[in-house]
Amino acid sequence: MSTSAPQSAGQNSSIRSQQIPVEKPEPPHRSQTQRRSQRTPITQYWYFLPASIVFCIFVAYPLFQTLRLSLSGTDLFGSADTFVGVRNFVRLFTNPDFVKILINTALFALYTVVPTIAISLVISLMLNRESLVNRVFRTVFALPFAYSVSAASIVFSAFFNPATGLFNEVIKQFGGSGVGWLTDQRFALLSIALTTVWMNIGYNILVLLAGLGSVPEDIVEAARLDGASGLRLQHYIMIPLIRPQLFFLIVTGTIQSLESFGQIHVLTKGGPASSSTTLVYDIYLHGFANNNSNFGYASAEALVLILVVAIITIIQFGGMGRKVDVA
Amino acid sequence: MNLNRVSILVKRTFGILILLLLACIVAFPVYYSFMGSLMKNADIVSSPPRIWPEHGLTWSNIVTAVHLIPLGRQYLNSFGSTLAITFSQILTSLLAGYALAIMRVRGAKIWFALFLGTMMIPGEAIIIPNYLTIASLGLRNSFIALVLPYLASGFGIFMMYTFLRQFPMELVEAARLDGCSHLRILWSIVLPLSRPAAASLAIYTFLTHWNGFLWPLLVAETPQMQTIQIGITQLQSPDDFNPGLTMAGAVMAVVPTVIIVALCQRQIVRGLTAGSSR
């Protein structure tokens with residue numbers, strides 16, 4: 001392998017050096033391409049135009065607007081035009097409800113990301129062997145990925161039904177009494193998290209299996225010959241090798257959980273008593289629900305969300321940078 | 001030797017049994033939504049609720065759902081908007097990816113960073129100004145409103161760029177020497193050879209936007225303009241617990257995506273891992 005590569009490179013270069021005299025009689029081409037590359041700025045940047053227009057109108061401008069709105073108060077007619085300085089932010093951080101909402105958001109991330117990754121990891125490690133049976137299993141485990149937030153939430157809200165839902169039925173079978181899955185302040189956020197964990201398992205398993213599939217066979221073989229097997233092989237060889245995928249799933253899973261909206265909207269509408277209201281849902285409640293149109297306050301919350309996601313993304317890039325160093 | 005083989009066999013059977021148990025748990029909501037949509041109320045709202053139809057199956061849940069909400073129209077809205085977004089994203093991503101990876105325009109790094117930067121902004125955080133933009137253009141409750149903000153995506157450009165970076169440049173150079181314009185090369189050389197990447201992007205984009213929720217909820221106001229994802233939530237009513245009916249709605253919404261996930265796992269994985277590996 002290592003000897004053939006430079007050889008073929010040498011062959012290539014010798015072919016190229018032979019070709020140069022052939023190319024020489026045609027200087028017009030060269031100068032033409034050179035002239036082209038000199039006038040790139042205008043003609044070639046056209047290729048960026050369609051995407052750039054969309055991004056300018058629907059990402060850059062709204063980003064600026066969010067900042068402007070967060071410094072504005074809403075007048076009686078619902079237009080957010082009066083400049084009020086940092087009043088929205090003062091209201092935000094002196095509001096005990098907002099602290100609760102931030103805690104809910106963090107808890108929701110914890111409740112969704114940790115179980116999703118733990119369960120997906122166990123399943124993918126068990127599935128990591130190419131066979132017909134495993135291919136069927138993989139398809140079955142991937143199915144939740146097809147479910148939209150609204151479809152998954154509708155299915156789970158039937159399970160959560162206190163009177164005739166299946167979850168309470170199972171509890172009763174074991175001699176317990178039913179739980180108000182969505183109506184009890186202690187359980188609402190957990191129930192939404194449970195739904196989310198189910199929805200995300202498929203995606204996580206697909207990513208982890210792709211990572212496990214790219215682990216070189218000889219590494220596994222060498223570890224086997226050294227006597228590693230079963231759990232030890234998984235723990236010391238496989239898990240470290242798919243660390244990039246695990247890291248990716250933790251970061252994207254966290255960001256995704258911060259952005260969750262549909263399952264909260266369908267299952268609890270943030271209740272009871274805002275026990276399942278997260279940051280994004282509170283943005284919706286202040287900005288849109290019941291024609292509130294409190295755009296100033298909601299935009300201040302949006303800026304907090306942007307900041308949190310930016311911090312996590314920077315951590316992600318930091319982690320990836322380290323990964324490249326290792327590789 | 002023989003004992004060893006037996007113990008391996010036992011272990012493997014045990015593993016398969018555990019997997020089977022886990023698969024039953026994970027697949028149960030899928031099974032129950034499909035079965036429940038066909039079960040009679042006597043089975044599904046009985047106490048205790050049955051997970052197996054003892055009174056036979058019925059189409060009545062689905063028929064009722066179609067009568068309660070304009071499902072056909074909402075299907076059309078979902079398909080139309082999702083396909084429009086998917087095609088547009090492939091086009092805009094291919095154009096930008098070509099300029100970045102193959103033409104290597106001056107300042108490509110800065111452009112790439114800007115495009116990647118758009119991925120950092122959570123869509124939910126800028127939903128208020130976007131809603132106001134759509135409202136001020138008088139586009140509320142329109143088909144255009146459903147697709148407009150999503151005609152390009154940073155992820156799509158990122159995916160196309162990573163794919164085209166490995167494109168055989170000899171082909172492009174040869175075509176240039178033959179006097180081909182860049183648009184021509186893009187159309188007749190790069191596009192046909194980018195089909196795998198385009199397919200992955202298409203499937204990923206389709207899944208994402210078919211399942212979209214918050215934006216359609218805000219901009220589509222009448223049932224006639226809503227997407228199926230919003231429509232099926234209207235089947236839920238606080239006073240009338242009717243799981244057969246709501247499951248029927250949920251099943252209608254997931255049939256296209258279940259087919260895609262069952263058939264196109266390889267493309268999906270390629271799309272997913274574009275972000276994870278490097």
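If you're wondering where the values come from, they're calculated on a predicted model, not measured in any experiment.

Scoring rules and cut-offs
- Residues numbered from 1 in each chain as written.
- Chains lettered and ligands numbered in written order.
- Predicted model: local features only at pLDDT ≥ 70, side-chain atom pairs only at ≥ 80, totals over all residues.
- Heavy atoms only, no water.
- Helix = DSSP H or I, 4+ residues; strand = E, 2+ residues; numbered from the N terminus.
- Buried < 20%, exposed > 50% of the residue type's maximum accessible area, 1.4 Å probe, protein only.
- Contact = heavy atoms within 4.5 Å.
- Phe/Tyr/Trp six-rings, centres within 6.5 Å; stacked < 30°, edge-to-face > 60°.
- Polar contact = N/O pair within 3.5 Å; in protein donor to acceptor, adjacent residues only side chain to side chain.
- UniProt positions renumbered as here; feature names shortened; annotations may be inferred.
- Buried area = accessible area lost by both parts, 1.4 Å probe.
- Salt bridge = Lys/Arg side-chain N within 4 Å of Asp/Glu carboxyl O.
- Nonpolar A, V, L, I, M, F, W, Y, C, P; charged D, E, K, R; others polar.
- Arc of directions from axis to C-beta.
- Core = buried A, V, L, I, M, F, W, Y, C linked by side-chain atoms within 4.5 Å.
- Axes fitted to C-alpha atoms, helices over the stretch in contact; angles between N-to-C directions.
- Parallel < 35°, antiparallel > 145°, perpendicular 65-115°, else oblique.
- Left-handed = near helix turned anticlockwise from the far one by under 90°.
- Patch = residues over 30% accessible without salt bridge, like charges linked within 9 Å, V, L, I, M, F, W, Y side chains within 5 Å.
- Areas by Shrake-Rupley, 256 points an atom, 1.4 Å probe, with all protein chains shown as cover.

## Considerations on the overall build of chain B
Piece 1. On a plain count of helices and strands, chain B comes out with 15 helices and zero strands.
Piece 2. Within chain B, the fraction of its 278 residues that count as buried is 53%.
Piece 3. Contacts in chain B between residues at least 24 apart in sequence constitute 72% of all its contacts with a sequence separation of at least 6.

## Thoughts on the packing of aromatic side chains
Piece 1. Applying the stated criterion across every chain yields a total of 39 aromatic pairs over all chains.
Piece 2. Where Phe288(A) meets Tyr131(B), the ring centres are 5.1 Å apart and the plane angle is 85°; that geometry is what we call edge-to-face. Of this pair, Phe288(A) sits in the loop between helix 15 (279–287) and helix 16 (295–326) while Tyr131(B) sits in helix 6 (residues 127–136), on two different chains.
Piece 3. The exposure class assigned to Phe288(A) is buried, which follows from its relative accessible area of 13%.
Piece 4. The exposure class assigned to Tyr131(B) is buried, which follows from its relative accessible area of 13%.
Piece 5. With a centroid separation of 5.9 Å and an interplanar angle of 40°, the aromatic rings of Trp111(B) and Phe115(B) are classed as tilted. With Trp111(B) and Phe115(B) both in helix 5 (residues 108–120), this residue pair falls four residues apart, about one helical turn.
Piece 6. Residue classification places Trp111(B) among the partly exposed positions, given a relative accessible area of 25%.
Piece 7. By relative accessible area, which is 4% here, Phe115(B) ends up buried.
Piece 8. Pairwise contacts between aromatic rings join Tyr147(A), Phe156(A), Phe159(A), Phe160(A), Phe167(A), Trp181(A), Phe187(A), Trp198(A), Phe28(B), Tyr31(B) and Tyr32(B) into one cluster.

## Here we look at the side chain of Ser260(A)
Residues and elements named next belong to chain A.
Piece 1. Along the chain, Ser260 turns up in the loop between helix 13 (243–258) and helix 14 (262–267).
Piece 2. Among the polar contacts listed, one links the side chain of Ser260 to the backbone oxygen of Ser257, at a separation of 3.2 Å.
Piece 3. With residues up to four places along the chain from it excluded, the contact list for Ser260 reads Phe108, Thr278 and Val280.

## Some thoughts on the UniProt feature "transmembrane region" (unreviewed entry) in chain B
All names here are of chain B.
Piece 1. In the numbering used here, UniProt assigns the "transmembrane region" (unreviewed entry) feature to residues 12–32, 83–103, 110–131, 143–164, 185–207 and 245–264.
Piece 2. Taken end to end, residues 110–131 is 73% helix and 0% strand, and its two terminal C-alpha atoms sit 29 Å from one another.
Piece 3. With 96% helix and 0% strand, residues 185–207 has end C-alpha atoms that lie 30 Å from one another.

## Remarks on the interface of chain B and chain A
Piece 1. Each partner contributes to the interface: chain B provides 89 residues, whereas chain A provides 81 residues.
Piece 2. Carbon and sulfur atoms make up 77% of the surface buried where chain B meets chain A, a total of about 7700 Å² over both sides.
Piece 3. Joining chain B to chain A, the criterion identifies zero salt bridges.
Piece 4. Where chain B meets chain A, there are eleven residue pairs in polar contact (both at pLDDT 80 or more).
Piece 5. Of all the elements, helix 1 (residues 2–38) of chain B adds the most residues to the side of chain B that touches chain A, at 16 residues.
Piece 6. For the side of chain B that touches chain A, the residue count by class is 62 nonpolar, 22 polar and five charged.

## A look at helix 5 (residues 87–94) of chain A
Piece 1. Where helix 5 of chain A is concerned, the buried positions are Asn88(A), Phe89(A) and Leu92(A). Buried residues of helix 5 of chain A, seen end-on, are gathered within an arc of 95° and therefore sit on one face of the element.

## Brief notes about the nonpolar core
Piece 1. Membership of the largest hydrophobic core comes to 172 residues, with the highest contact counts inside it found for Phe141(A), Tyr147(A), Tyr284(A), Tyr98(B) and Ile102(B).
Piece 2. It is helix 10 (residues 188–213) of chain A that provides the largest number of residues to this core, a total of 14 residues.
Piece 3. Look past the residues within four positions of Tyr284(A) in its chain and what remains in contact with it is Phe261(A), His265(A), Ala289(A), Leu214(B), Leu217(B) and Leu218(B).

## Quick look at the packing of helix 5 of chain B against helix 8 (residues 154–164) of chain B
Residues and elements named next belong to chain B.
Piece 1. One can describe the packing of helix 5 onto helix 8 by two numbers: an axis separation of 7 Å at closest approach and a directional angle of 135°. As far as their axial angle goes, helix 8 and helix 5 are oblique. The element helix 5 and its partner helix 8 pack so that their crossing is left-handed. Side by side, helix 5 and helix 8 meet where Phe112, Phe115, Leu116, Thr118 and Met119 of the first sit next to Gly154, Phe155, Ile157, Phe158 and Tyr161 of the second.
Piece 2. Of the residues in the contact of helix 5 with helix 8, the class split is eight nonpolar, two polar and no charged.

## Focus on the pattern of salt bridges
Piece 1. Within this structure, the stated rule accounts for two salt bridges over all chains.
Piece 2. The salt bridge involving Asp184(A) is made with Arg186(A); its shortest N-O contact spans 2.8 Å.
Piece 3. Put simply, Glu221(B) and Arg140(B) hold a salt bridge, and the shortest N to O gap is 2.9 Å. Of this pair, Glu221(B) sits in the loop between helix 12 (214–219) and helix 13 (228–233) while Arg140(B) sits in the loop between helix 6 and helix 7 (143–147); the two residues are 81 residues apart in sequence, bridging distant segments of the chain.

## What to know about a nonpolar patch on the surface
All names here are of chain A.
Piece 1. Among the surface-exposed residues, Ile42, Trp46, Leu49, Ile53 and Ile57 lie close enough to one another that they form a single nonpolar patch of about 520 Å² accessible area.
Piece 2. Topologically, Ile53 is positioned in helix 4 (residues 49–70).
Piece 3. For Ile53, a relative accessible area of 44% translates into the label partly exposed.

## Some remarks on the environment of Ser200(B)
Piece 1. With respect to the helices and strands, Ser200(B) occurs in helix 11 (residues 195–210).
Piece 2. A C-alpha to C-alpha distance of 5.2 Å links Ser200(B) and Gly271(B), two positions 71 residues apart in sequence.

## Points about the packing of helix 6 (residues 96–127) of chain A against helix 10 of chain A
All names here are of chain A.
Piece 1. One can describe the packing of helix 6 onto helix 10 by two numbers: an axis separation of 7 Å at closest approach and a directional angle of 40°. Classed by the angle they form, the pair helix 6 and helix 10 counts as oblique. Two packed elements cross with a definite hand, and for helix 6 against helix 10 that hand is right-handed.
Piece 2. Split by residue class, the contact of helix 6 with helix 10 holds 20 nonpolar, eight polar and no charged.

## Describing the UniProt feature "transmembrane region" (unreviewed entry) in chain A
Residue and element names in this part refer to chain A.
Piece 1. Per the UniProt record, "transmembrane region" (unreviewed entry) is found at residues 45–64, 101–127, 139–160, 187–215 and 295–315.
Piece 2. Here residues 101–127 is 100% helix and 0% strand, with 38 Å between the C-alpha atoms at its ends.
Piece 3. Between the end C-alpha atoms of residues 187–215 there is a gap of 40 Å, over a span that is 90% helix and 0% strand.

## Some words on the side chain of Ser78(B)
All names here are of chain B.
Piece 1. With respect to the helices, strands and loops of the structure, Ser78 is situated in helix 4 (residues 71–101).
Piece 2. Residue classification places Ser78 among the buried residues on the basis of a relative accessible area of 2%.
Piece 3. The contact partners of Ser78, leaving out residues within four places of it in the chain, are Trp210, Thr227 and Ile228.

## Looking at unusual backbone geometry
All names here are of chain A.
Piece 1. Gly271 connects to Pro272 through a cis peptide bond whose omega is -10°.
Piece 2. With respect to the secondary-structure elements, Pro272 resides in the loop between helix 14 and helix 15.
Piece 3. Even without being glycine, Ala273 reaches a positive phi, approximately 55°.
Piece 4. Relative to the helices and strands, Ala273 is located in the loop between helix 14 and helix 15.

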